[in-house]
Amino acid sequence: MTRPSDSPPLNDSLPADIGPVVSSAHLANSSLPALSELEFALTMANNAFHRWMVRCMTAAGMPGLSPLEVLIVHLVNHRDRTKTLADICLVLNIEDTHLANYAIRKLVQHGLVATGRAGKEKTVAITEEGQSLCTRYAEIREALVVRAARQMGHDPADISRMAAMLRTLSGAYDQAARAAAAM
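Quick look at the structure, then. (Residues numbered from 1 in each chain as written. Predicted model: local features only at pLDDT ≥ 70, side-chain atom pairs only at ≥ 80, totals over all residues. Heavy atoms only, no water.)

1. Regarding the sheet that holds strand β2 (residues 113-118)
Going by this rule: Two strands qualify as a pair provided that DSSP identifies no fewer than 2 bridges between them. Helix and strand assignments follow DSSP, with helices taken as H or I runs no shorter than four residues and strands as E runs no shorter than two, numbered in order from the N terminus. Contacts between residues were defined by any pair of non-hydrogen atoms, one from each residue, lying within 4.5 Å. Working convention: axes come from line fits to C-alpha atoms, limited for helices to the stretch in contact. Angles between N-to-C directions cover 0 to 180 degrees.
Strand order across the open sheet formed by three strands is β1-β3-β2, with antiparallel pairing between neighbours. What marks the edges here is a single partner per strand, and that holds for β1 (83-84) and β2. Here helix α3 (residues 67-77) sits on the sheet and contacts β1, β2 and β3 (121-126); the angle it forms with β3, its principal contact strand, is near 85°.

2. Structural notes on the nonpolar core
Note the cut-off: Residues belong to a common nonpolar core when they are buried Ala, Val, Leu, Ile, Met, Phe, Trp, Tyr or Cys residues joined through side-chain atoms within 4.5 Å. Each residue is placed in one exposure class: buried if its accessible area under a 1.4 Å probe, protein chains only, is under 20% of its type's maximum, exposed if it is over 50%, and partly exposed if it falls in between.
Among the nonpolar cores identified, the biggest contains 28 residues, and Met57, Ile72, Val73, Val113 and Tyr137 are the most heavily contacted of them. Counting residues per element, the ones that place at least two in this core are α2 (33-60), α3, α4 (85-91), α5 (97-109), β3 and α6 (128-151). When sequence neighbours within four positions are dropped, the list of residues in contact with Met57 reads Met62, Pro63, Leu65, Val70, Val73, His74, Leu133 and Tyr137.

3. Overview of the pairing of β2
The sheet contact formed by β2 and β3 spans six bridges and is antiparallel. Residue pairing across strands places Gly116 opposite Thr123, the latter belonging to β3. Connecting the antiparallel pair β2 and β3 is a turn made up of two residues, with Gly119 showing a positive phi of about 70°.

4. As for the pattern of salt bridges
Let me state the cut-off plainly: Any carboxyl oxygen of Asp or Glu within 4 Å of a side-chain nitrogen of Lys or Arg constitutes a salt bridge here.
Overall, the coordinates contain two salt bridges when judged by the stated rule. Measuring nitrogen to oxygen at the nearest pair gives 3.1 Å for the salt bridge that ties Glu69 to Lys106. Linking Glu69 in helix α3 with Lys106 in helix α5, this pair joins segments that are 37 residues apart in sequence. Asp158 is the partner of Arg161 in a salt bridge, and the nearest nitrogen-oxygen pair spans 2.2 Å. Of this pair, Arg161 and Asp158 both sit in helix α7 (residues 156-181), three residues apart, which is roughly one turn of that helix. When its relative accessible area of 39% is taken as the criterion, Asp158 is described as partly exposed.

Have a look at this one:
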């Protein structure tokens, strides 16, 4: 198939330097435009990850869970140790404990976790059904996400460094949120 001679070339029609890929040019117009590019990538990754968690949990046999509920059931299953509500909120960086409490109540209704008390603290433990569900989720994740990630050829050490950078940046955003709240 030939292109009419008056049409612009397909690959040459874009400027050589179109700048970073961002959702908000006014935010990229700063002393660190790459941060706006990262924020847009985080938004895309966060939405894709939430969609994945919900769909994977549905494929594992438990439709209707929210992304937060999926995160909590996996955290409670982690190392097969009872967690406190405070631990869950701290590890998942949840500011509003009511959101975590509501998610835990839904998980209890589904029979995936059980609650108790240690003194005045609410505790949450995984049930056998919750463990089985997490195992099925892990199998599906291995087959679909881990395999695809490995095929991309990324060095596992690079992935770990990226995760460390994101955890560090989350601290900067938390500090900035506190500062903005104090203004």
